[in-house]
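What the coordinates show
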Amino acid sequence: MTHEAAGYLARLGLDERPPATAGTLAEIHRRHAERIPYENLHTMLGDPPAIDAASTLARVAAGGNAGYCFHHNGILIAALRALGYDVVPAWGHNWDSEAERRDLYVGHLALSVRGLPTDDNLGGTWWPDVGCGDGLHEPLPLVTGEYRQGPFTYRLEVRDDGWTFHHDAQGSFGAVDLFDEVLTPERADAAHRRLTASDGGAYARKLVVQRRLPDAAETLRGCLFTRTGTRPELVELTTYDDWRDGLRTLGIALDGIDDDALRGLFDRSLAAHRDWVASR
């Protein structure tokens, strides 16, 4: 196992090399979802981090932030392979309407893991995904059906060329189509540049930080904190101190981030939030 992968597992509280079992896969997934938030903070600060797994693993192992799906699932692929899992990368894109579904582009990095049969999943293929923000808390069997995790009910459809995940109506997106084929580094880099472009990239428009807990999903979008679950919350964070504390509560590391740059992002987020409130 690589030094970077060992550091990632240590960040999750796993100091010894665990066996490559379905139980270990679920444990790694749950710990990652709860401890390493999905976020676009550095992209919003004008410095989107590279998506190569080695640098992301090193950053996360040192206590830093990961990023969005290309980072989260990228390091999960690397770590699982280092542990001996049979990992098959995949790619896909999110959609909320049939028109968006037909506009096919690379917007998500995903993976499946094979060779782990259980009583509930005799085929042994699983879909772990720690890059969906408020999505999965633990892996799903790659089998068509309906699944309940905490406050969310999901629907999974297996297709000849991949699978489709339908999020709960409370979720932050409608669905994602995934394709069971390798995403080349060239296509991944091109997608990353497009998604994080400062002049309209999908992940460069508004600050989003999300983490998935056993009984809830927590999100900071701009200046609005929401908690979906057994104890729902909706809180406007309209002072810099409250907003910064909200980032830290969700697991964001702020060490090394210039305070003036962070204040500037807060000011922009607050202005956009006030415009949104005024338009309602």
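Residues numbered from 1 in each chain as written. Predicted model: local features only at pLDDT ≥ 70, side-chain atom pairs only at ≥ 80, totals over all residues. Heavy atoms only, no water.

**A few points about the pairing of strand E11 (residues 216–221)**
Burial runs high along E11: five of the six residues are buried. The turn joining strand E10 (residues 208–213) and E11, which pair antiparallel and follow one another in sequence, is formed by two residues. Taken together, the six bridges between E11 and strand E12 (residues 224–229) define a ladder with antiparallel strand orientation. Paired with Glu218 across the two strands is Arg227, which belongs to E12. Where E11 hands over to E12, the hairpin turn is made up of two residues, of which Gly222 adopts a positive phi near 70 degrees. (Buried < 20%, exposed > 50% of the residue type's maximum accessible area, 1.4 Å probe, protein only. Helix = DSSP H or I, 4+ residues; strand = E, 2+ residues; numbered from the N terminus. Pairing = 2+ DSSP bridges.)

**Description of the pattern of salt bridges**
Applying the stated rule across the entire model yields 15 salt bridges. A salt bridge links Arg227 to Glu218, with the shortest nitrogen-to-oxygen separation between them at 3.1 Å. For the pair formed by Arg227 and Glu218, the shared burial category is buried. When the shortest N-O distance is used, the salt bridge between Arg244 and Asp241 registers 3.0 Å. Taken together, the positions of Arg244 and Asp241, both in helix H8 (residues 240–249) and three residues apart, correspond to about one turn of that helix. Linked through salt bridges whose partners overlap, the residues forming this network are Glu98, Arg101, Arg159, Asp161 and Asp177. (Salt bridge = Lys/Arg side-chain N within 4 Å of Asp/Glu carboxyl O.)

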